[in-house]
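# Summary of structural features
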Amino acid sequence: MGKSSKDNRDIFYRKAKEEGWRARSAFKLIQIDEEYSIFEGVKKVVDLCAAPGSWSQVLSRRIFKDGSDPDIKIVAVDLQEMAPLKGVIQIKGDITSLQTANEIISHFDGHLADLVISDGAPDVTGLHDIDFYGQSQLILSALNITTQLLKPGGTFVAKMFKGDDMTLMYSQLKLFFEFVSFVKPKSSRDSSLENFVLCQNYIPPPSYKPVMIDPVLENQYKQLQYQQLEQHQEPINNNNNTSVSSSNKIIVPFIASGDLSPMIDIDQSRTQLN
Ligand SMILES: C[S@@+](CC[C@H](N)C(=O)[O-])C[C@H]1O[C@@H](n2cnc3c(N)ncnc32)[C@H](O)[C@@H]1O
């Protein structure tokens, strides 16, 4: 490790201790907000994969503040328990589950979120390809649940690893968001492949209906295809009683498999979905 990256790590580590952040990751979210004003006008926010809670702390300090605005709701979700935080509703749950999505929505009094952030990380094996794959799947799960939670025009921020698939990831996210960019906050170590994707102005494709299927589970997708065939391509119900509309038939396999064939360009693919 070079001297400058070691110093960089130490600065943010020390600063986190001094300022009472649960993890130095807090600075990554703070720096993304300083550069892109992602908290502006935000009242409903979801922190996916939130433990131990430094991003939720940022939301508590910067959005909830003194708690004087009753419209502000912050919901944090993680597989693990985390210590309580002022103004943060905590859910112990899996972001791939419909039950978690429903539980989050139940706290928003019929509204959707303005902002969804995800700093999710799977258990790291040290094998680059496996870790990269695991991280990609977690982003897809985060995107999947985000399509249930985010209001049109909303913002989504997620951690990813820099890798060969960034162009593909960009194309996939561009199906749902007008602006997609990759961000590397200065508190993120230079030596790390970590990156963040910032997606702004959520515009789901016409007739897209969010479904909580896991596109990673190929068999589950095949099962859906069989059901579609049996039912002559009419919308179907999966186990979660959510329908798969014609736009989903195109988008879900595209996201899952990385098959670029249905997408010529964004506008054209959107036209196909109409
Ligand atoms: C790097 S930590 C998040 C750090 C957090 N943003 C902070 O600032 O304190 C990654 C988290 O992702 C969570 N995670 C991984 N897979 C998940 C899943 N399927 N559902 C919910 N949480 C998950 C892990 O439990 C872990 O706490």
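Residues numbered from 1 in each chain as written. Predicted model: local features only at pLDDT ≥ 70, side-chain atom pairs only at ≥ 80, totals over all residues. Heavy atoms only, no water.

The protein carries the name Putative tRNA (cytidine(32)/guanosine(34)-2'-O)-methyltransferase in an unreviewed UniProt entry, which gives Tieghemostelium lacteum as its organism. Heading Catalytic activity (unreviewed entry) of the UniProt record for the protein holds this comment: "cytidine(32)/guanosine(34) in tRNA + 2 S-adenosyl-L-methionine = 2'-O-methylcytidine(32)/2'-O-methylguanosine(34) in tRNA + 2 S-adenosyl-L-homocysteine + 2 H(+)". The UniProt entry for the protein carries this comment under Sequence similarities (unreviewed entry): "Belongs to the class I-like SAM-binding methyltransferase superfamily. RNA methyltransferase RlmE family. TRM7 subfamily." (UniProt positions renumbered as here; feature names shortened; annotations may be inferred.)

This part covers the overall build of the protein. Of the regular secondary structure elements, the protein holds 9 helices and 9 strands. Relative to all contacts within the protein whose residues are 6 or more apart in sequence, the contacts with residues 24 or more apart total 68%. When the accessible surface of the protein is split by element, carbon and sulfur atoms take 51% of a total near 13,500 Å². (Helix = DSSP H or I, 4+ residues; strand = E, 2+ residues; numbered from the N terminus. Contact = heavy atoms within 4.5 Å. Areas by Shrake-Rupley, 256 points an atom, 1.4 Å probe, with all protein chains shown as cover.)

With that settled, the discussion passes to the site of the ligand. Around the ligand lies a shell of 19 residues, among which Gly53, Ser54, Asp78, Asp94 and Asp119 are the nearest. The separation between an oxygen atom of the ligand and a polar side-chain atom of Gln80 is 3.0 Å. In isolation the ligand offers 610 Å² of accessible surface; the protein chains occlude 86% of this area. Per-class residue counts for the shell around the ligand are 9 nonpolar, 6 polar and 4 charged. (Near = heavy atom within 4 Å. Polar contact = N/O pair within 3.5 Å; in protein donor to acceptor, adjacent residues only side chain to side chain. Nonpolar A, V, L, I, M, F, W, Y, C, P; charged D, E, K, R; others polar.)

Moving on to the sheet that holds strand β4 (residues 113-118). The 7 strands are arranged β3-β2-β1-β4-β5-β7-β6 in an open sheet whose pairing can be described as mixed. Unpaired on one side and paired on the other, β3 (88-92) and β6 (177-183) mark the two borders of the sheet. Averaged over neighbouring strand pairs, the angle between their axes works out to 15° when direction is ignored. Note: strand β1 (residues 44-48) against strand β2 (residues 73-78), 5 bridges, orientation parallel. Looking at β2, one finds that Val45 is bridged to Ile74. Against the sheet, helix α4 (residues 98-106) touches β1, β2 and β3, its axis set at about 160° to β2. (Pairing = 2+ DSSP bridges. Axes fitted to C-alpha atoms, helices over the stretch in contact; angles between N-to-C directions.)

With respect to the element layout, Ser25 can be found in the loop between α1 (3-19) and α2 (26-36). On the accessibility criterion, Ser25 (15% relative accessible area) is buried. Sequence-distant contacts of Ser25, defined by excluding residues within four places in its chain, comprise Ser54, Trp55 and Asp119. (Buried < 20%, exposed > 50% of the residue type's maximum accessible area, 1.4 Å probe, protein only.)

Here we come to the UniProt feature "active site" (unreviewed entry) in the protein. With numbering matched to this structure, UniProt assigns "active site" (unreviewed entry) to Lys159. Here Lys159 is to be found in strand β5 (residues 150-161). Using a relative accessible area of 12% as the deciding quantity, one classes Lys159 as buried. Beyond its immediate sequence surroundings of up to four residues, Lys159 is in contact with Ser118, Asp119, Gly120, Ala121, Gln135, Ile139, Glu194, Asn195 and Phe196. A polar atom in the side chain of Lys159 sits 3.1 Å from the side chain of Asp119.

The first and last C-alpha atoms of helix α5 (residues 128-149) sit 31 Å apart over 22 residues, in line with the 32 Å expected at 1.5 Å per residue. A large share of α5 lies buried, amounting to 17 of its 22 residues. (Expected span 1.5 Å × (residues − 1).)

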